[in-house]
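# Fold and geometry: a report
Each chain, letter by letter, is given below.
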Amino acid sequence: MVSKRRLSKSEDKESLTEDASKARKQPLSKKTKKSHVRVEVEENDSVFVKLLKTSGVILKTGESQNQLTVDQIVFQKKLFQTLRKHPSYPKIIEEFVSGLESYIEDQDSFRNCLLSCERLQDEEASMGTSYSKSLIKLLLGIDILQPAIIKTLFEKLPEFLFENELLMENTLLTVPILDVLSSLRLDPKLLTQVRQLVMSKLLSVKLDDLPVIIKFILHSVTATDALEVISELREKLDLQHCILPSRLQASQSKLKNKGRQSSSGNQENSGQDCVILLFDVIKSAVRYEKIISEAWIKAIESTASVSEHKTFDLAMLLIIYSTNTQTKKYIERVLRNKIRSGCFQEELLQSTFYIHYLVLKDICPSILSLAQSLLHSLDQSIILFGSLLYKYSFKFFDTYCQQEVVGALVTHICSGSEAEVDTALDALLELVVLNPSAMRLNAVFVKGILDYLDNMSPQQIRKLFYILSSLAFSKHEASSHIQDDMHLVIRKQLSSTVFKYKLIGIIGAVTMAGIMAADSRSSNLTQGRTDLSNEEYTQVTSLLQLVHSCSEQSPQASALYYDEFANLIQGGKLAPKALEWVGQTILNDFQDAFVVDFCVSPEGDYPFPVKALYGLEEYSSHDGIVINLLPLMFSQDFAKDGGRMTSKESDQKVVSPLCLAPYFRLLRLCVERQHDGNLEEIDGLLDCPIFLTDLEPGERLESMSVKEHSFMCSLIFLTLNWFREVVNAFCQQTSPEMKGKVLTRLKHIVELQRILEKYLAVTPDYVPPLANFDLETLDVTPPTTAAISAKIRKQGKIGGKKRKADGSKTSSPDTLSKEDSSECDPTPSNRSQLEKEFKGKEERTSVSLQNYHAFFRELDIEVFSILHCGLVTKFILDTEMHTEATEVVQLQPPELLFLLEDLSQKLENMLTPSVAKRIPFLKSKGNRNIGFSHLHQRSAQEVAHSIVQLLTPMCNHLENIHNYFQCLAAENQGVVDGPRTKVEEYHMMSSCYQRLLQIFHGLFAWNGFFQLENYNLLYSALEVLTNRLKQGEPDQSLDELLSQSFNYLQNFSHSIPNFQCALYLIRLLMVILEKSTAPTQKKEKIASLAKQFLCRVWPSGEKEKSSIPTEQLHTLLSVYLEHTDSVLKAIEEIAGVGVPELINSPKDASSSMFPTLTRQSFVIFFRVMMAELEKTVKGLQAGTAADSQQIHEEKLLYWNMAVRDFSILINLIKVFDSRPVLHVCLKYGRLFVEAFLKQCMPLLDFSFRKHREDVLSLLETFQLNTRLLHHLCGHSKIHQDTKLTKHVPLLKKTLELLVCRVKAMLIFNNCREAFWLGNLKNRDLQGEEIISQNSQESAAEESEDDTASQVSKSKTTEDAENDEVSDGEKDQDSDESEDSD
């Protein structure tokens, strides 16, 4: 047992200790200084001393080291031969060891034996090393002495350790003692005692000694105490305090003394070597000891507090991930949970790489593999953490690892997964900013992505070209070849005849132009904001002119160029010189193309009379301007081809009305940048009229041709998009005059949308002109079924699931879960009746403009500043510029609803978690992003910040609407939809209410609030809500703000106008509650509110109760049962009171206690109650014999209530026997019986003797339920319903298991004689016998009445009869097989 590993050098240790003592206090190290004491040689006549001296070891007294006069191997050989050849062998062994025991009775002598021996100078020089083992180790290396010496150490070492604390008095002893102990197989109790002693002093141990100490601790771990030891070790082992001070001290010493860097450098290198050695010890332990690796992961997993997590934890997870393949999935799961809970954030990850990069760089491939796995997640926070692993690997590791990082990111980008591509591009963009020189070395990998542009979205293409352009135009010599490749690629794409590639070329060219300008502007920061040089100016303008010339023959390509250019200017990425050139050309071209004088009447043969409409000023016949829309449309034959491509006319520049809105956006942003937001130069375009025709169809709608319908639709679409861009442009102007005009334009938009719906309703195959021109909109067409009128719908030409094709968001949740949707839809007769009622006084169209979202210009986020507008006084001036009259303009409900709907869509697109908005199968991945290209140029944080800024005006609107419904209820004596209610206004206000609550919910449900950097934003948002009640104190805690916000929002429950609003309010309150650390206080309030909504008669002039979306009713009822303090009582109240009221009420009536409970909605109530009942009992812990009597009684009482509720619900199928109800009963009935087996039967095992009567009563009730389930199985078979019969085999198997389990319970309680079996007859739901059994089976029948009489004789037999009833089902296995087939 010669240990060949040396972890301590006596002389080196002294020099290192001297250096280390300067950098760090060593409270544990009471290092003895070598004093000039007299050295004496041990002289006695013992065999031990004589033999050692003969073999080459001289024992010293006092504090001097023992001397070794020969080589270590020579000494061991001499002593071995001397002992073996001694005349009294083997007795001499006992004498030798006895002498050793006597010698080490003295503390100093024992210490000397454990310390390394001192080599004589001549021997040291000859061997070239000063290292020698201790005497004990040398003796342990001799085979014939080893067993006896180990026994001696067992006896003596603990005595010295604990009586004299020899181990802790001198760190010179710590390493050799623990090194010896870790090499021996010692008594576990002894190891535990030593480990506890070492662990108590771990915080004060020197870094140099840590490897040996940690090795001993890990060596002493057993399966029983592994978790406890590792948990304590990770708490006390904080390498951050060991590494950072030495690194900081070394860097400071380098700054102070540049000429004396060797000592500080050596000190830092020594510390790094120790850390590497320490991690080598840990790696070895976790690789070969499964209990250590699993315990370490569990110790980290069980740490709940965010502040308790250390860099060492994260480093250990990465190390175990790299060394132990069996735990990879486990570690990934732990990491994902920690990331979701916010325990592992960027700051911790950055610190981990900074402190442990020397260790982590060796496991770089494993880190990249982990990052790749995390990027495949659906959770955005996990994806972000994976990208950070790539980022810091690139930052801290060497060139090879950097190349691997870039290669991995390129692979993600080429994978085709949208989330992966976005994250990887963002990571590459960060790396370009972080280390551009290193990224230039890997530019060739990034260039390869250009071959995969086909499947990338426009925003992704912009990012890619931004990255490549940043590398190409970085003012570096090595970048010239990248520039040449970029120019080559872009020119090739621009000249492509494939339209898609031309659009890619436009995006790339404009992005590259922005980088060229931005780089030249930022290169001379010392001179302030400098402009482009002549050469750079020429490059930028020539590139833009190339794009313009390549796109001018295509309206779609031109429009994309204008939009891309506008985005570039909006981002402030164009130098002033280039901006001036753009401004001069754009304004003139726009006027020539789209603007004409008011006095010039259009000439031509137009199908409709041309009129100048929607002007905001009174023009005379000699001044003013007009947008020349209708003549331009007609001349381009726009209605014929839907605006896809225009015919190329000879000798005439193509000017398409399709470019009107994009061109104006570019013009507006250019003027805005040049004049610091002042738009006076183009403010005439806000109020100028448009050449249109009378748009209101009136009676001529039916007489118009299809082509005329299409022409009018296109005309209205283009007009709407013009107005939307005008609102975008002037929404932030501060003068009341401008605000008033913007509000008027909003009113025009709402009016035009109403007219457009009428035209679309009679133009089923119409495809509008495009409004968004990026790649995602190339193949977008609205659903043709959306343009079918209510008259056609009423005739029944659309039915079943196709009814959802109209795309209306309010109709989408009208289905149940996937498996039951068809059964729960109203019957065709009911549906037609509902449609007749919905029709109202005039024929309503089924068109929803939500289907045409892609064909409207996008509203900027700044537009919603209009929500701040209250009353605006608009002055009307006469010709002398004197005030002629004043007009008060206010944001009206239709315009408010228009803004709120758009804001709600933006919020859903940006802030809704990606998991919640997963794209359905076979649907284009980009469709959900169409119409949000401007929005996606902002981060989610920026969007959330903008919405928080709007909270105050939205609260104002919410309170105004709340007051409206309160007043309405007061006027109608508490009835909101009384005779005085204006139906159209009522529905408009209800929709505004719903959208506001939807926006609030979307904002506060944003998962970004869990990130530390967004904490202040959440705080600000909650402060807004809190201050609506009262001006709060400035420094309130988050929980106080959440509580006050909850109370504020709860107040709106009294004015909720419809069921959808009620559900959004509940969801909003739940989201607020989730962020609180003490949610139980408000939980019951949510339950109370949900019950209040369920017990409310929802107002409507029509049959509102029949049109409550089933999914929303399901959700609200689930919320009620999940939040109530007693689920069983709540279920009993609904099923035992509400349902009987429904049964006894007329056919079309509802329960008086729960008006939302009708015959149509019963299946929803039934499903939710069964599911929540099963979920509740499943979560109840099974009873054990160790539980107290009181706990047994409480659980038995709970199960009595649960079985009673189950009995009430099961018996309802005798009245409500529809297919969906029976399906729910079969599915959840089996699950309840399974829960009864697992959770309740163990309780009955221990409760039977003491609570015999209660147990028998419980089983008697449950027996009746299982009998009804058996009847239901027979019913399913008779009706041959495959949807029902597929549940029968599993249910019968579960019932058979119940029989066996009850029998086992009786045997356990010495009551086996009470168990007997009989056969059940197959019966239907009404109890009638099913005549389908074999004759031999009927001969063995036993009447259930007889069985019941047996039960009445003995309650014990009653219990057994329960088993008999269930077990009788065994005889039906042959029938079951037919059903399962």
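This section reports on the structure supplied with the text. Every chain's residues receive numbers from 1 upward, in the order its sequence appears when written. Reporting of local features is limited, given that this is a predicted model, to residues whose pLDDT is at least 70; pairs of side-chain atoms are given and counted only at 80 or more, and all residues count toward the totals for whole chains, interfaces and linings. Hydrogens and water are ignored here; the side-chain numbers use all heavy atoms of the structure.

### Re the overall build of the protein
Counting from the N terminus, the helices are DSSP H or I runs at least four residues long and the strands are E runs at least two residues long. The helix and strand tally for the protein stands at 60 helices and nine strands. By residue count, 54% of the 1381 residues in the protein fall in the buried class. A separation threshold of at least 6 residues defines the contact pool for the protein, and within that pool the share at least 24 residues apart is 74%. For the accessible areas, the method is Shrake-Rupley and the probe is 1.4 Å, while residue cover comes only from the protein chains on display. Here the protein has roughly 62000 Å² of accessible surface; of this, 50% comes from carbon and sulfur atoms. Note on exposure labels: buried denotes an accessible area under 20% of the residue type's maximum, exposed denotes more than 50%, and partly exposed covers the range between, all computed with a 1.4 Å probe on protein chains only. The contact definition used throughout considers only heavy atoms, calling two residues in contact when any of these lie within 4.5 Å.

### Overview of the packing of aromatic side chains
The geometry of an aromatic ring pair comes down to the distance between the two centres and the angle between the two planes. Any two rings among Phe, Tyr and Trp, with Trp reduced to its six-membered ring, count as a pair given centres within 6.5 Å; such a pair is stacked if its planes are under 30 degrees apart, edge-to-face if over 60, and tilted if neither. Throughout the structure, instances matching the rule amount to 38 aromatic pairs. Consider the rings of Phe590 and Trp722, whose centres lie 6.5 Å apart with planes at 15°: the pair is stacked. Of the two residues, Phe590 sits in helix α31 (residues 576-594) while Trp722 sits in helix α36 (residues 706-730), which places them 132 residues apart along the sequence. Exposure class is identical for Phe590 and Trp722. Each is buried. One aromatic cluster in this structure is built from Tyr561, Tyr562, Phe565, Phe590, Phe594, Tyr663, Phe664 and Trp722. For a ring to carry a charge above it, either NZ of a lysine or CZ of an arginine must fall within 6 Å of the ring centroid while also lying within 35 degrees of the normal to the ring plane. Note that Lys328 overlies the ring of Tyr321, its terminal NZ or CZ placed 5.1 Å from the centroid. Sitting over the ring of Tyr1064, Arg1067 keeps its end group 5.7 Å from the ring centre.

### With respect to the side chain of Lys310
With respect to the helices, strands and loops of the structure, Lys310 is situated in the loop between α16 (290-301) and α17 (311-323). Owing to a relative accessible area of 16%, Lys310 belongs among the buried residues under this scheme. One polar contact links the side chain of Lys310 to the main-chain carbonyl oxygen of Arg234, over a distance of 2.9 Å. Two N or O atoms count as a polar contact when they lie within 3.5 Å, although within protein this holds only if one can serve as hydrogen donor and the other as acceptor, and sequence-adjacent residues are included solely when both atoms are side-chain atoms.

### Section: the environment of Leu1073
Within the secondary structure layout, Leu1073 lies in helix α47 (residues 1059-1074). In sequence terms Leu1073 and Lys1083 are ten residues apart; their C-alpha atoms lie 7.7 Å from each other.

### Re helix α21 (residues 380-396)
If you check α21, its first and last C-alpha atoms are 24 Å apart, about what 17 residues at 1.5 Å a residue would give, namely 24 Å. Summarising burial for α21: 13 of the 17 residues are buried, a large majority. The span one expects for a helix is its residue count, reduced by one, times 1.5 Å.

### Observations concerning the nonpolar core
In this description, a nonpolar core means a group of buried Ala, Val, Leu, Ile, Met, Phe, Trp, Tyr and Cys residues linked to one another through side-chain atoms lying within 4.5 Å. Trp296, Ile866, Phe1004, Trp1199 and Phe1236 are the most contacted members of the largest nonpolar core, which has 361 residues in total. Contacts of Trp296, omitting those with residues within four sequence positions, involve Leu218, Ile230, Leu233, Arg234, Ile282, Val286, Phe312, Met316 and Ile320. Counting residues in hydrophobic clusters, the runner-up holds 32 residues, among them Leu68, Ile92, Tyr103 and Leu153.

### Structural notes on the sheet that holds strand β1 (residues 57-58)
A strand pair is defined by DSSP finding two or more bridges across the two strands. Read across the sheet, three strands follow the order β1-β2-β3 without closing on themselves; strand pairing throughout is mixed. Each having just a single partner strand, β1 and β3 (118-119) make up the two edges of the open sheet.

### A short note on the state of the cysteines
Cysteine sulfurs are considered disulfide-paired once they come within 2.5 Å of each other. Evaluation of the coordinates by the stated rule reveals zero disulfides. Cys869 takes part in no disulfide bond, and the closest cysteine sulfur, belonging to Cys731, lies 9.8 Å away. The class for Cys869 is buried, based on a relative accessible area of 15%.

### Quick word on the environment of Tyr354
On the secondary structure map, Tyr354 appears in helix α19 (residues 346-360). With 43 residues separating them in the primary sequence, Tyr354 and Thr311 have C-alpha atoms 9.5 Å apart.

### Quick look at the pattern of salt bridges
The salt bridge criterion pairs a side-chain nitrogen of Lys or Arg with a carboxyl oxygen of Asp or Glu, the two atoms within 4 Å. A complete count under the given rule lists 29 salt bridges for this structure. Two residues, Lys906 and Asp902, come together in a salt bridge whose shortest N-O distance is 2.6 Å. Placement of both Lys906 and Asp902 in helix α41 (residues 893-911) is noted, with a separation of four residues, approximately one turn of the helix. The same class applies to Lys906 as to Asp902, namely buried. The salt bridge involving Glu1234 is made with Arg1230; its shortest N-O contact spans 2.9 Å. In this pair, Glu1234 and Arg1230 are both assigned in helix α53 (residues 1219-1247), four residues apart and thus about one turn of the helix distant. By relative accessible area, which is 24% here, Glu1234 ends up partly exposed. With a relative accessible area of 14%, Arg1230 lands in the buried category. Members of the salt-bridge network, linked through shared partners, are Asp563, Arg665, Arg668, Glu672, Glu725, Arg857 and Asp860.

### Some details on the side chain of Lys463
Looking at the element boundaries, Lys463 is found in helix α26 (residues 458-472). For Lys463, a relative accessible area of 16% corresponds to the buried category. Here Asp426 takes part through its side chain, which lies 2.8 Å from a polar atom of the side chain of Lys463. Leaving out residues up to four positions away in the same chain, Lys463 has contacts with Asp422, Leu425 and Asp426.

### What about the packing of α41 against helix α44 (residues 983-1004)?
Here an angle of 0 to 180 degrees is reported between the N-to-C directions of two axes, which are lines fitted to C-alpha atoms, with helices fitted over the stretch in contact. Direction vectors running N to C along α41 and α44 enclose 25°, while the axes themselves pass 9 Å from each other. Comparing the axis directions of α41 and α44 gives the class roughly parallel. Remark: the crossing between α41 and α44 carries left-handed chirality. Taken together, the residues of α44 that come into contact with α41 (itself represented by Pro893, Pro894, Leu896, Leu897, Leu900, Glu901, Leu903, Ser904, Leu907 and Leu911) are Met988, Met989, Ser991, Cys992, Arg995, Leu996, Gln998, Ile999, Gly1002 and Leu1003. Per-class residue counts for the contact of α41 with α44 are 14 nonpolar, four polar and two charged. If an angle is under 35 degrees, it is roughly parallel; if it is over 145, roughly antiparallel; if it lies from 65 to 115, roughly perpendicular; otherwise it is oblique. Note: crossing handedness is left-handed where the near helix turns anticlockwise from the far helix by less than a right angle, and right-handed where it turns clockwise. Here the nonpolar group is Ala, Val, Leu, Ile, Met, Phe, Trp, Tyr, Cys and Pro; Asp, Glu, Lys and Arg are the charged ones; every other residue, Gly included, is treated as polar.

### Thoughts on unusual backbone geometry
Backbone torsion omega between Tyr89 and Pro90 reads 10°, so that peptide bond is classified as cis. Mapped onto the fold, Pro90 is located in the loop between α3 (72-85) and α4 (91-103). You will see that Tyr614, though not glycine, has its phi angle at about 60°, which is positive. Positive phi values are uncommon outside glycine, yet Asp676 reaches one of about 50°. Turning to its location among the elements, Asp676 is positioned in the loop between α34 (660-674) and α35 (684-687).

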